[in-house]
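Secondary and tertiary structure notes
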Amino acid sequence: MARIENHKYSIEEAFRECFYIIPDYQREYVWTDKEVNQLLDDINEQSGTGNAREYFIGTVLVSPTSLKNHCEVIDGQQRLTTFFLLLCALKYMFRGEAQHQTISGLISTSYTDNNGDTQTNLKLEPRYENAGEVIAKLVELDADPQAVRAGIQAAGILSFGSLENLVGAYSTIYRYLEDNYDDTAKLKKYWGYLANNVVFIQISTDVSSALKIFETINERGVGLNPMDLLKNLLFTQVPQAQFTQLKNEWKKITSPLEKEKEKPLRFLRYFLMANYVIDNDRSDAVVREDEIYDWFVNKDNAALCDYRNKPFEFVRKIIRNVDSYISFGNGLGNDGKPSIPMDSLKRLTGGAFSLHYVLLLAAAPLPKSLFDHFVAQLEGFLFYYIFTKTPTKDLERNFSLWADELREIAGMTDPAGQRTALNAFVAEHFQSNMEAKSQELSDALKRLTFHTMQQYRTRYLLARLTQHVELAFNGVKTPGSLASFTGLEIEHILPNTPSAELRNQWAADSPHALYDDYKNRLGNLTLLEKPINIVAGNDFYSGKRTEYQKSGNYLTRSLVALTEVGQNSSVTRINKLLNSYPAWNATSIDDRHGRLIELAKDVWRTAPLEG
């Protein structure tokens, strides 16, 4: 068993005796103003009690290196980095005082290496990204935050993400000291308490043992989220010589998520439900965010993932899922290229709904034609659930279980059998549920107004209806992008801001219908090109009719007159679902509202994929 040593250090003792290296495979500096201020407030509260009571800040876990007094930090880098930045701020504020030189020796100092040469190093050296450059420049400048930020920028050092956090933390610390210790006497007293009475226990052992201790300390996620813990868990499975390789692979997971501002834990949750059978005590096939790490360390699940024997293969599987996850979020298909079905689905779900990523990730290995068909069927299914405002929890269990079936279908090697299996899946899960919710959808759409749903979803609804009618009018079966329709303006046929004269006419024509109720109903909404909408303005319907006839969309033109083409053409067939209106009143709006509901059921329906 590896030797484990522990030592109690004050802040001054620690930075006098130790050189702390933050290895590039470790977590970066993520503290924000909130965490920094909390630490400073705690110290401030203790230092102001008037006694010399110690303030214990926990344990720091390190692994010795071949250089004397140099150690790699396994756990505790957020606190150590914050204290190092605190020393830098104190050093500058003590300029001209004896404390300036003392603190300088805690920030950087000289030592003799194994070859007998004298080396000068910073007492804290972060090796991730360009953090070492940021810290070195900050120490070199020895200035206020504004000058430090300007100096870093002038040196051409890019500061973003964790690097920006370092600069931000220095600014937060400096402002805190200025606000709370506005004269030298107060600052000296504060420094005296910090140097001698703020203490921690430093545990030192070899890397492998340190990582295992780290896992034990954080086994319930204290201070770290499951993504950090999973990363550490994987590092315990590889030899130290492969740490950098694993770190570089891990970056392919975290960097895209960070760049797209996606929540890592949400991704991990969906990744698990999409890729593995979820068996838990609740029998709901769902993994919650606070259960992610416990799921990974479960013996059976560890064997299922096989990350102990094949850590790199497991990480690359996550990477593939991240790539798909990001692509789907950007409206791209499973080949990473623009996809009309995915773009349409994204316009429905927006940023408010994401649970369907469980199904998309499970279906991602399908051939492109099958995947695109699946996405189109999923859009119809989700339309029913979103527009009836069905709670997400009703879908979680189903999606996790359905993902198990989709993985089997995606893994089939017989194209005909795969197509048949996917059609059966759609019929069993999507079509049957949509049929069961048909009346509920009708009721929801009857109540639908301009303000019932988010405006992007109301625009999506009108765009799909308009597109569907346009396809039928032109005899086209394959839909194109919705972009040309969602870019149109939502027109209130009965004006949103009517004149007094128009209100009076409405009251006379529809005495039992409230104007402000009817103006926002689905039946009163249509899509119109902006130039035409500007001309139409808030006029009476009789005045708008001429402008509506100029629209490029048949759904809007049909308000004025239906176009008759042949006896049984695509136009005459779509006309059966439409109507024209010589006058616009409550009866007209009610009629059109009902027709749009029936049209919606023709738009959002399932269809088998033909061979």
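Residues numbered from 1 in each chain as written. Predicted model: local features only at pLDDT ≥ 70, side-chain atom pairs only at ≥ 80, totals over all residues. Heavy atoms only, no water.

**Let's talk about the overall build of the chain**
Helices and strands together make up the secondary structure of the chain, namely 30 helices and 10 strands. Over its C-alpha trace the chain gives a radius of gyration of 32 Å, far above what one expects of a compact globule, namely 25 Å for 611 residues. Counting only C-alpha atoms and orienting by the principal axes, one finds that the chain spans roughly 100 × 65 × 40 Å. For the chain, with 611 residues in total, the buried portion stands at 53%. The long-range fraction of contacts in the chain, counting pairs at least 24 apart against all pairs at least 6 apart in sequence, stands at 72%. Taken as a whole, the chain presents about 27600 Å² of accessible surface, with 48% of it coming from carbon and sulfur. Counting 67 positive and 77 negative side-chain charges, the chain places the centres of these two groups 3 Å from one another. (Helix = DSSP H or I, 4+ residues; strand = E, 2+ residues; numbered from the N terminus. Rg over C-alpha atoms; globule rule 2.2 N^0.38 Å. Buried < 20%, exposed > 50% of the residue type's maximum accessible area, 1.4 Å probe, protein only. Contact = heavy atoms within 4.5 Å. Areas by Shrake-Rupley, 256 points an atom, 1.4 Å probe, with all protein chains shown as cover. Lys, Arg positive; Asp, Glu negative; His and termini not counted. Charge placed at Lys NZ, Arg CZ, Asp CG, Glu CD.)

**Details of the packing of aromatic side chains**
Taken as a whole and assessed by the stated rule, the structure comprises 38 aromatic pairs. Here Tyr307 and Phe314 contribute two aromatic rings whose centre-to-centre distance is 5.8 Å and whose plane-to-plane angle is 50°, an arrangement assigned as tilted. According to the relative accessible area criterion, Phe314 is buried, its value standing at 3%. Taken together, the ring pairs in this structure connect Phe267, Phe271, Tyr276, Trp295, Phe296, Tyr307, Phe314, Tyr325 and Tyr357 into an aromatic cluster. (Phe/Tyr/Trp six-rings, centres within 6.5 Å; stacked < 30°, edge-to-face > 60°.)

**A closer look at the layout of surface pockets**
Of the voids in this model, the largest pocket is the one considered here, and its volume is about 1200 Å³. What lines the largest pocket is a set of 34 residues, and nearest its centre among them are Leu471, Lys477, Thr478, Pro479 and Arg605. Of all the secondary structure elements, the ones that give two or more residues to the lining of the largest pocket are helix H16 (340-349), helix H18 (368-387), helix H22 (455-474), helix H29 (570-575) and helix H30 (586-603). Looking at the lining of the largest pocket, the element that brings in the most residues is H18, giving seven residues. Looking at the lining of the largest pocket residue by residue, the class counts come to 14 nonpolar, 12 polar and eight charged. (1 Å grid on protein atoms, 1.4 Å probe; cavity = no way out; pocket = protein on both sides within 12 Å on 5 of 7 lines; lining within 4 Å. Points joined across faces, edges and corners; volume = space filled by probe spheres on them. Nonpolar A, V, L, I, M, F, W, Y, C, P; charged D, E, K, R; others polar.)

**Some remarks on the packing of helix H11 (residues 243-259) against helix H15 (residues 311-329)**
For any two helices packed against each other, one specifies the crossing angle of their axes together with the interaxial distance. Here H11 crosses H15 at 20°, and the two axes come no closer than 9 Å. With respect to H15, the element H11 is oriented roughly parallel. Crossing geometry of H11 relative to H15 is assigned as left-handed. Side by side, H11 and H15 meet where Gln245, Leu246, Glu249, Trp250, Lys252, Ile253, Pro256 and Leu257 of the first sit next to Phe312, Val315, Arg316, Ile318, Ile319, Val322, Tyr325 and Ile326 of the second. Looking at the contact of H11 with H15 residue by residue, the classes come out as 12 nonpolar, one polar and three charged. (Axes fitted to C-alpha atoms, helices over the stretch in contact; angles between N-to-C directions. Parallel < 35°, antiparallel > 145°, perpendicular 65-115°, else oblique. Left-handed = near helix turned anticlockwise from the far one by under 90°.)

**Here's the deal with the pattern of salt bridges**
Per the counting criterion, the structure on display carries 29 salt bridges. Ionic pairing is found between Glu12 and Arg16, a salt bridge with its closest N-O pair at 3.4 Å. Remark: Arg16 and Glu12 occur in helix H1 (residues 11-17); sequence separation between them is four residues, near one turn of the helix. For the salt bridge of Arg521 with Asp590, the shortest nitrogen-to-oxygen distance reads 3.0 Å. Of the two residues, Arg521 is situated in the loop between helix H25 (515-518) and strand S10 (525-528) and Asp590 in helix H30; the sequence distance between them amounts to 69 residues. Relative accessible area serves as the criterion here: at 37%, Asp590 is assigned to the partly exposed category. By sharing partners, the salt bridges in this structure join Arg282, Asp284, Arg288 and Glu291 into a single network. (Salt bridge = Lys/Arg side-chain N within 4 Å of Asp/Glu carboxyl O.)

**Focus: the nonpolar core**
Within the largest apolar cluster, 112 residues are counted, with the highest numbers of intra-cluster contacts made by Phe296, Phe314, Phe374, Phe381 and Phe430. Among the elements that take part in this core, H18 stands out by supplying 12 residues, more than any other. Within the second largest apolar cluster, 63 residues are counted, among which are Ile43, Val62, Leu138 and Ile152. (Core = buried A, V, L, I, M, F, W, Y, C linked by side-chain atoms within 4.5 Å.)

**Overview of the sheet that holds strand S7 (residues 124-126)**
Strand order in the open sheet formed by six strands is S1-S8-S3-S4-S2-S7, with mixed pairing between adjacent strands. Single-partner strands in this sheet number two, and they are strand S1 (5-10) and S7. With direction set aside, neighbouring strand axes in the sheet form an average angle of 35°. On top of the sheet, helix H3 (residues 77-93) reaches strand S2 (19-22), strand S3 (55-64), strand S4 (70-75), S7 and strand S8 (198-204); it is set at about 105° to S3, its chief contact. (Pairing = 2+ DSSP bridges.)

**Re the environment of Lys346**
Examined against the element boundaries, Lys346 turns out to sit in helix H16. Assessed through its relative accessible area of 35%, Lys346 is described here as partly exposed. Not counting chain neighbours up to four residues away, the residues in contact with Lys346 comprise Gly329, Asn330 and Gly331. For Lys346, the side chain forms a polar contact with the main-chain oxygen of Gly329, separated by 3.1 Å. (Polar contact = N/O pair within 3.5 Å; in protein donor to acceptor, adjacent residues only side chain to side chain.)

**A look at the side chain of Asn524**
By the element assignment, Asn524 lies in the loop between H25 and S10. Judged by its relative accessible area of 0%, Asn524 is buried. Apart from residues no more than four positions distant in its own chain, Asn524 is found in contact with Glu491, His492, Ile493, Leu494, Tyr518, Lys519, Trp584, Ile589 and Arg592.

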